[in-house]
Amino acid sequence: MNNKTIEHYMSKLEHLEFKFKSHVQNNNEIHIELEDSSKLIEFCNILKLEINLRLLTMIYCDERKTNHAFSLRYLLGSDTDDVFFFVVIFIDKKHAYFPSLSDVFPYSIKYEREINDMFGIQTQGDTTLKPLLLHDFQKNIFPLRKDFHANTELNYTPRKFEFTPITGDGICEIPVGPIHAGIIEPGHFRFSVLGENIVNMETRLGYAHKGIEKIAENMSINNVVLLSERISGDESIANSMAFCQAIEKIAQLEIPEKSKQIRLLFAELERIYNHFGTLSGILNDVGFSYGASRLEILKEYMMQLNEKLSGSRLLFGVNQIGGVKVDISNTSLADIHSMLNDIFQNFEKILEHIQSNSSVIDRLRNTGIIEKQTVNDLGIVGLSSICAGIDTDTRKNHPYGYYSSINFEQTPRADMEQQVKLQKRIGDVLSRFMSRVDELRYSKKLIESISNLETGEIHIPLESELIPFSSGLGYAESHRGETLHWVMMGEDNSIFRYKIRTASFANWSVIEHAVLNNIVADFPVINKSFDFSYSGNDL
Amino acid sequence: MTEDNQKIKKSDILSWDKVTLDKILQSNDMIPGNFRGKISLDPDKDFVLNSHIGQNLENICPTNAISYKNPPESISLDVGKCIFCGNCQQEAPQLIKISNNFDVAKKRKNHLLEVFSESVPFGKTYEEIGNELKNKINKTFGRSLAIREIDAGSCNGCEIEISALTNPIYDIERFGMHFVASPRHADLLLVTGPASKNMEKALKIAYESTPEPKLVIAVGACACSGGIFGKNYATTGGIDSIVPVDVFIPGCPPRPQALIYGIMLALDKI
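Residues numbered from 1 in each chain as written. Chains lettered and ligands numbered in written order. Predicted model: local features only at pLDDT ≥ 70, side-chain atom pairs only at ≥ 80, totals over all residues. Heavy atoms only, no water.

Quick look at the packing of aromatic side chains now. On inspection of all chains with the given rule, the structure shows 25 aromatic pairs over all chains. For the pair Phe148(A) and Tyr233(B), a centre-to-centre distance of 5.4 Å together with 90° between the ring planes defines the contact as edge-to-face. With Phe148(A) in the loop between strand S7 (122-123) and strand S8 (171-176) and Tyr233(B) in the loop between helix H7 (220-225) and strand S10 (247-249), this residue pair bridges two chains. Judged by relative accessible area, Phe148(A) falls into the buried class, the value being 9%. By way of ring pairs, the aromatic residues Phe189(A), Phe191(A), Trp508(A), Phe523(A), Phe530(A), Phe532(A) and Tyr534(A) are connected into one cluster. The cationic tip of Arg255(B) hangs over the ring face of Phe35(B); the distance from NZ or CZ to the ring centre is 4.4 Å. (Phe/Tyr/Trp six-rings, centres within 6.5 Å; stacked < 30°, edge-to-face > 60°. Helix = DSSP H or I, 4+ residues; strand = E, 2+ residues; numbered from the N terminus. Buried < 20%, exposed > 50% of the residue type's maximum accessible area, 1.4 Å probe, protein only. Lys NZ or Arg CZ within 6 Å of the ring centre and 35° of its normal.)

Turning to helix H6 (residues 197-209) of chain B, a few remarks are in order. If you check which residues of H6(B) are buried, you get Lys197(B), Asn198(B), Met199(B), Glu200(B), Ala202(B), Leu203(B), Ala206(B), Tyr207(B) and Ser209(B). The inward-facing, buried residues of H6(B) abut strand S6 (145-151), strand S8 (188-192) and strand S9 (215-219) of chain B. (Contact = heavy atoms within 4.5 Å.)

Counting from both sides, the interface comprises 58 residues of chain B and, opposite them, 72 residues of chain A. Taken together, the two surfaces of chain B and chain A that pack against each other cover about 5,100 Å², and 60% of this comes from carbon and sulfur. For the pair chain B and chain A, the interface holds three salt bridges. The salt bridge partner of Glu153(A) is Lys231(B), with a shortest N-O separation of 2.8 Å. Our count for the contact surface shared by chain B and chain A stands at 28 residue pairs in polar contact (both at pLDDT 80 or more). Going through the elements one at a time, S6, helix H5 (157-164) and H6 of chain B are the ones with two or more residues in the side of chain B that touches chain A. (Buried area = accessible area lost by both parts, 1.4 Å probe. Salt bridge = Lys/Arg side-chain N within 4 Å of Asp/Glu carboxyl O. Polar contact = N/O pair within 3.5 Å; in protein donor to acceptor, adjacent residues only side chain to side chain.)

What the rule picks out here adds up to 35 salt bridges over all chains. In the salt-bridge network here, residues are joined through shared partners; they are Glu268(A), Arg271(A), Asp393(A), Arg395(A) and Glu439(A).

Glancing now at the sheet that holds strand S14 (residues 482-489) of chain A. Residue and element names in this part refer to chain A. Reading across the sheet, the three strands line up as S13-S14-S15 and stay open at both edges, with antiparallel pairing between neighbours. Among the strands making up the open sheet, the edge pair consists of strand S13 (471-477) and strand S15 (495-501). For this sheet the average axis-to-axis angle between neighbouring strands, irrespective of direction, equals 15°. Pairing geometry for S13 and S14, over seven bridges, is antiparallel. Bridge pairing links Tyr475 to Leu484 in S14. (Pairing = 2+ DSSP bridges. Axes fitted to C-alpha atoms, helices over the stretch in contact; angles between N-to-C directions.)

Put simply, helix H9 (residues 289-310) of chain A and H5(B) touch, their axes get as near as 11 Å, and they point 125° apart. In terms of orientation, H9(A) and H5(B) fall into the oblique class. Along this stretch, H9(A) crosses H5(B), giving a crossing that reads as left-handed. From H9(A), Glu296(A), Lys299(A), Glu300(A) and Met303(A) reach across to H5(B), where they touch Ile160(B), Glu161(B), Ser163(B) and Ala164(B). A per-class count over the contact of H9(A) with H5(B) returns three nonpolar, one polar and four charged. (Parallel < 35°, antiparallel > 145°, perpendicular 65-115°, else oblique. Left-handed = near helix turned anticlockwise from the far one by under 90°. Nonpolar A, V, L, I, M, F, W, Y, C, P; charged D, E, K, R; others polar.)

If you trace the backbone, Asn537(A) turns up in helix H20 (residues 534-538). Apart from the residues within four sequence positions on either side, Asn537(A) is in contact with Lys110(A), Leu133(A), Leu205(A), Thr502(A), Ser504(A), Phe505(A) and Trp508(A).

What follows deals with the sheet that holds S8(A). All names here are of chain A. One open sheet holds the three strands; their spatial order is S8-S9-S10, and the pairing between them is antiparallel. Two strands close off the open sheet at either side, each with one partner strand: S8 and strand S10 (197-204). On average, adjacent strands in this sheet sit at an angle of 20° to one another, irrespective of strand direction. As paired strands, S8 and strand S9 (residues 188-194) are joined by six bridges and run antiparallel to one another. Looking at the pairing, Ile174 lines up with Phe191 of S9.

With that settled, consider the environment of Leu440(A). Residue and element names in this part refer to chain A. Considering the arrangement of structural elements, one finds Leu440 in helix H16 (residues 429-449). A relative accessible area of 0% means that Leu440 is categorised as buried. The sequence separation of Leu440 and Pro412 amounts to 28 residues, and the corresponding C-alpha distance is 9.9 Å. Leu440 has contacts with Ile272, His275, Phe276, Leu279, Phe344 and Phe347, leaving out every residue within four places of it along the chain.

Structure follows, in structure tokens:
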């Protein structure tokens, strides 16, 4: 099936007037190396317009030892077919810069800032890039270069970070963070307000930067599974699953059917408990604490269920390379089903209460609106994009694991797309609230679709040594959206480069647009309705 | 008929009387047996430590919490570094015992270290804290305690468990504890994360703005030792390298009961 799609895309590529070398890898990855790298921007523009591709991430890699150059992979993906495009260019000493894609994909600037921080390579002609992840680090420190050691002791050296000044009569600035009033992660927000209205907001993140991509290079791959669970604690299954799948792809390991089923079960359980938490947070932020605490109870029950099944309330330690560590019997599967039934009966009742409460709905409706065009320009994924009518579900577009045997024709996301078209939904907090509700019901359906677990093993050991410098892309849909993990192996089963692109990294920039013309008091609920992870962004 | 009515009532959350746990530190029934809680070196009778087991354990631990020395043959376990992955128990079930107890918090960092060697008779590093402590706890909880949570770069796992403390099931407010919005209003700082370099300055400022007497609790493996992230260019390897710490609560993440237990230990210090 997939061979046909690849052939279709290859023939499309051949019709373009560009000279390039290309090869297909891991079933759905087309790697393209342009003969004339100065035509890259033009090439990407054509891919965007004619083949309808979206920039997913930019992977920079220090290959000076093996290829005598830095390599840069522009990863583009399709939202309709299961295919990924890697456009590769090499940057050697002669050109110590790379072309900026921001004319084609405006959001590429965030990846360019990241590369500038971590590798010290700038885009052509642009010297005004703000730092992204490294705050008060010494100058000329580029952590992801191979000649930098992860354990280097660095001194505290203050660096200047200038927020864009917004001036005018009556405009005030409100600095918030990095330590917030609630129990949440660190980040800084700079509001410029005119009276109550927000006229501009700038975020500064990176406070939770822990050097995950760098330290993975010194760890064994089994330990990196544990590390990937801790990229963002509430996305442990999605992240570890994406990493494991990347390694399994490289090793061409077909994991047992039962472990695929168990991975799906846990992935959906994770989605359910997190959505309950977010819905509860939204209600809390508009002052409806009754509904908030009722949903908190449901979240707690889900976490207790997680613990009963896996020994960890946050589902740590479920995945491993080649399968899963936790077995589920058919009796505990029946328990999950009956427990979910109970919980969702309660959920529907609470929901009825919420929807009939005008003081809640009025706060949610028309708050924090994002336009479809903004979503497109910023490359937003997951639940944050579906509320504006753009469906980027990895489970459907790039089916992995047991999701490939599920029929995705009638997803709630298709309904939401339709409702946006009919202008019943306008990308406000209420539509994000309702799409979370839909997702919850759909996750329950997915879990119920597994009525019987396969028999047999839950894990296949990884026996052979992986080929050095082979690479693979793992992906999963976390409750926030598309999660991509790209791994390049080094010698002796070590990791040469581990690139993580969580949904949070792709999505954070949308908040700066969503809060415009809203009042400061609505910022918490707008922020919560997106539910981004700071740690997953900062890595 | 009456039975049916009761059934309907049970599934109707809106009419439930009470879900809050009564004796939060005593009722272990709700914690499943396979929860990876307290981890200790508790050898079986006929267990013999050899270099094979020692080396294997040392290698299998992702955070270097286990170290093996020879001679004399001894093995040490630093619970502060442990991320509770359970790999070591699979490797040496005769030596490593993991129970579902959550009372793992310690007042001194070196109390988190447990050593087992063949020559020295094995002694438990901390005693069972029984009725004596319970009384103390009741006394301390008569007071009101304002807590400020600070995330110094955690993965947000610890935040989920800390915010679970305020849900109706654990509901710590009934014990006289509440979360406040500013360190200036706080008696106690709950700090999570391996203290990323980018948060170092903010954490220091927050500590200095907390009025005396103040307590600091390091929550989770990361805050105790850097956890799986360890000490690298971007992290400082535990918050005790930045601010003085009164109690260490290991766990990845520590469950709500473990947090309450740790907070009580801290109260004991005043």
